[in-house]
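Commentary on secondary and tertiary structure
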Amino acid sequence: MDKSRMRGTTICCVRKNSKVAIAGDGQVTLGDAVVKHGARKIRSIRDGSILTGFAGSTADAMNLFERFEAKLDEHGGSLLRAAVALAKDWRTDKYLRQLEAMMIVADAEHTLLISGNGDVLEPDDGIAAIGSGGNYAKAAATALARHSELDAEDIVREAMKIAADICIYTNDQIRIETIGGPAS
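Residues numbered from 1 in each chain as written. Predicted model: local features only at pLDDT ≥ 70, side-chain atom pairs only at ≥ 80, totals over all residues. Heavy atoms only, no water.

**Digging into the sheet that holds strand 6 (residues 42-45)**
Test applied: Pairing between strands requires that DSSP locate at least two bridges from one strand to the other. Here a helix means four or more residues in a row that DSSP labels H or I, a strand means two or more in a row labelled E, and each is numbered from the N terminus. In what follows, residue pairs with any heavy atoms lying within 4.5 Å of each other are defined as contacts. Whenever a helix is involved, its axis is fitted only over the stretch in contact; in every case the axis is a line through C-alpha atoms, and angles between N-to-C directions fall within 0 to 180 degrees.
With antiparallel pairing, five strands are arranged side by side in an open sheet as 6-7-8-9-10. For this open sheet the edge positions go to strand 6 and strand 10 (120-121), each flanked by a neighbour on one side alone. With six bridges connecting them, strand 7 (residues 50-56) and strand 8 (residues 101-106) associate as antiparallel partners. Paired with Gly-53 across the two strands is Ile-104, which belongs to strand 8. Packing against the sheet, helix 1 (residues 58-74) makes contact with strand 6, strand 7, strand 8 and strand 9 (111-115), and its axis sits at approximately 150° to strand 7. Packing of helix 2 (residues 79-92) onto the sheet brings it into contact with strand 7, strand 8, strand 9 and strand 10, and relative to strand 9 it is tilted by some 10°.

**Digging into the nonpolar core**
Just so we agree on the cut-off: Take the buried residues of types Ala, Val, Leu, Ile, Met, Phe, Trp, Tyr and Cys, join any two whose side-chain atoms come within 4.5 Å, and each joined set is a nonpolar core. Relative accessibility decides the category of a residue: with a 1.4 Å probe and only protein chains considered, values under 20% of the type maximum give buried, values over 50% give exposed, and everything between is partly exposed.
Counting residues in hydrophobic clusters, the biggest one holds 21 residues, and the most contacted among them are Leu-64, Phe-68, Trp-90, Met-103, Val-105 and Ile-114. When residues of this core are traced back to their parent elements, those giving at least two are strand 7, helix 1, helix 2, strand 8 and strand 9. Examining the composition of this core, we find that six residues originate from one element, helix 2, more than from any other. Dropping the residues within four chain positions of it, Phe-68 is found in contact with Ile-45, Ile-50, Thr-52, Leu-79, Ala-82, Ala-83, Leu-86, Met-103, Val-105 and Ile-114. Listed in part, the 16 residues of the second largest apolar core include Val-14, Ile-155, Val-156 and Ala-163.

**As for the pattern of salt bridges**
How we decide: By definition, a salt bridge exists where a carboxyl oxygen of Asp or Glu is found within 4 Å of a side-chain nitrogen of Lys or Arg.
Inspection of the entire model under this criterion finds 11 salt bridges. A salt bridge links Lys-138 to Asp-125; the nearest nitrogen and oxygen atoms lie 3.5 Å apart. Note that Lys-138 is positioned in helix 3 (residues 134-147) and Asp-125 in the loop between strand 10 and strand 11 (127-131), a separation of 13 residues in sequence. Among the residues examined, Lys-138 registers a relative accessible area of 29% and is labelled partly exposed. We classify Asp-125 as partly exposed; its relative accessible area is 34%. Between Asp-154 and Arg-157 there is a salt bridge, with the nearest N and O atoms lying 3.1 Å from each other. Of the two residues, Asp-154 and Arg-157 both sit in helix 4 (residues 152-166), three residues apart, roughly one turn of that helix. Assessed through its relative accessible area of 25%, Asp-154 is described here as partly exposed.

**Here we look at helix 4**
How we decide: An expected span of 1.5 Å times one less than the residue number is assigned to each helix. Directions pointing from the helix axis toward each C-beta atom define the arc.
Taking 1.5 Å per residue as the helical rise, helix 4 with its 15 residues ought to reach 21 Å, and the 21 Å between its terminal C-alpha atoms agrees with that figure. Within helix 4, burial applies to Ala-152, Glu-153, Ile-155, Val-156, Ala-159, Met-160, Ala-163 and Ala-164. When helix 4 is viewed along its axis, its buried side chains cluster within an angular range of 165° and face the same direction. In this structure, the buried residues of helix 4 make contact with strand 2 (10-16), strand 3 (19-24), helix 3 and strand 12 (175-179).

This is the structure in structure tokens:
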């Protein structure tokens, strides 16, 4: 493993009732050292109607954000069509295939995982997570969604705290963006 490779991201997205929330931690590591505590890995785009989050290198993520927004323009703002078009390009384009990243995108109706393998996946339960602490955050969010009255924003906040307690590449500098539902 290349010890100079930048690592460390956890992104979690939860859809519950009429609200969608996405959260990302802020930690970036280089080898065995933390180089940044407050990186911004999630975004709200299209006047707050679409949430995005990435796991992977910063340059790759910025490239993917730009390409995703261009695909939204090409496809009249349709999240599904833009996601499929991006995944297709990502899988078939010689340059894009080299990108090491994953994305979660969500709007009022859909939550999608997009990967460079050409995958566009919509989770059955409305919960998605990626990155080094993704499995921890997804497990925590799933349990909280099933066994609590918390709303989507509170679930992602608590799930990210749990992931930060377990994953050494995830910190507690959490940013959250939401769509729908009453503000909390």
